[in-house]
Amino acid sequence: VTTGTKMRVDSSVTESNIHYPTDSSLLNDAARVLSRLLHRARPVVPHTPAEADWFHDRHRQARRLARLIGQRARRSHKNTEKTSPKLYGLLIELVDTLVDQVGHVQPRLATLTDPTAPGLQKMFKTYVPLVRKVVTQARQRVLEHVAVPAADKLVSLFEAHTAILRRGKAKPKDTEFGHKIWYAEVEGGLIEEARLLTGNPPDAQQVIPSVKLHQRRFGKAPNEL
């Protein structure tokens, strides 16, 4: 089918299906998810009237704060962390409060025999660590003015595996969110190798391993690369 005399290598990006990540939108997502899960837990978890605040839905407040932050940023044409530190502080405090609410509810869920309790517990265990990470990076970036390395940033609660990729492209594709894929093609349009890369490594590091794989497969290096 092919003699493997020609080989072409390249990288590409498969983007995740997420909205453009900003600190305010991620905090709003966090409030939405935790409020929704607490709402589902309310009829399952026994509680007294004094404990009803554990299940308080705070998403409406979070959505309003996130909208105000976005409006200020559009009016001033500046980064939101420079125009809305007080609003960010309120939004972060609100999400922290939701995390505290979950801290009261989770131990009760663990003791229940209700068939819906394990599913809710699993969802809380999945999302609470991600929400804490969103809060931490927002506090560092906006309130403490500390840069967070791209490799350490969380850009989606729902596609947490998503990486931040910059490949020197012109706007609006200067920053992409997804996964980098490395592939090698031989003549005839056949893909002989495809690898999902971790993070955003340089393309140059991938070439030699691909040529060595080609040598093992065809018994020789390609005449043309």
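Model, not experiment: these values are computed from the prediction.

A. Fine view of a positive patch on the surface. A cluster of like positive charges, contributed by Arg72, Arg74, Arg75 and Lys86, occupies part of the molecular surface. Ranked by residues supplied to the positive patch, first place goes to helix α2 (residues 59–76) with three residues. With respect to the helices, strands and loops of the structure, Arg75 is situated in helix α2.

B. Geometry of the environment of Pro115. For Pro115, the position within the fold is in the loop between α4 (85–110) and α5 (117–143). Between the C-alpha atom of Pro115 and that of Glu176, which follows or precedes it by 61 residues, the distance is 41 Å.

C. Structural view of the packing of aromatic side chains. Under the definition given, this model contains two aromatic pairs. Ring geometry for Tyr20 and Phe177: centres 5.5 Å apart, planes at 85°, overall edge-to-face. One end of the pair, Tyr20, is in the loop between β1 (7–15) and α1 (23–41); the other, Phe177, is in strand β3 (residues 176–186), and 157 residues separate them in sequence. Exposure remark for Tyr20: the relative accessible area of 59% places this residue in the exposed category. Both rings, one in Tyr127 and one in Phe158, keep their centres 6.2 Å apart while their planes meet at 65°; by these two values the pair is edge-to-face. Remark: Phe158 occurs in the loop between α5 and β2 (163–165) and Tyr127 occurs in helix α5; sequence separation between them is 31 residues. Exposure remark for Phe158: the relative accessible area of 39% places this residue in the partly exposed category.

D. Quick peek at unusual backbone geometry. Phi at His145 takes a positive value of approximately 55°, unusual for a residue other than glycine. Mapped onto the elements of the fold, His145 is located in the loop between α5 and β2.

E. Looking closely at the pattern of salt bridges. Scanning all chains against the criterion turns up ten salt bridges. Measuring nitrogen to oxygen at the nearest pair gives 3.1 Å for the salt bridge that ties Asp29 to Arg32. Residue Asp29 and its partner Arg32 are located together in helix α1, separated by three residues, close to a single helical turn. Using a relative accessible area of 6% as the deciding quantity, one classes Asp29 as buried. For the salt bridge of Glu176 with Arg167, the shortest nitrogen-to-oxygen distance reads 3.1 Å.

Rules used throughout
- As a convention, each chain's residues are numbered from 1 in the sequence order in which they are written.
- Whole-chain, interface and lining totals are the exception, using all residues; otherwise, since this is a predicted model, local features are given only for residues with pLDDT of at least 70 and side-chain atom pairs are given and counted only at 80 or more.
- Calculation of side-chain values draws on the structure's entire complement of heavy atoms; hydrogens and water are dropped beforehand.
- Only residues above 30% relative accessible area that lack a salt bridge enter a patch, with like-charged residues linked at up to 9 Å and the nonpolar side chains Val, Leu, Ile, Met, Phe, Trp and Tyr linked at up to 5 Å.
- Each accessible area is a Shrake-Rupley result for a 1.4 Å probe, and residues are judged covered by the shown protein chains and nothing else.
- Salt bridge, as applied in this entry: a Lys or Arg side-chain nitrogen positioned within 4 Å of an Asp or Glu carboxyl oxygen.
- Within this scheme the basic residues Lys and Arg register as positive and the acidic residues Asp and Glu register as negative, but His and the chain ends are omitted.
- For the purpose of locating charges, the reference atoms are NZ of Lys, CZ of Arg, CG of Asp and CD of Glu.
- Every helix listed is a DSSP run of H or I at least four residues long, and every strand listed is a run of E at least two residues long, numbered separately from the N terminus.
- Here is the rule: rings of Phe, Tyr and Trp (six-membered ring for Trp) pair when centre to centre is within 6.5 Å. Planes less than 30 degrees apart are stacked, more than 60 are edge-to-face, and the remainder are tilted.
- Accessibility here uses a 1.4 Å probe with only protein chains present; expressed as a share of the type maximum, an area under 20% marks a residue as buried, one over 50% as exposed, and anything in between as partly exposed.

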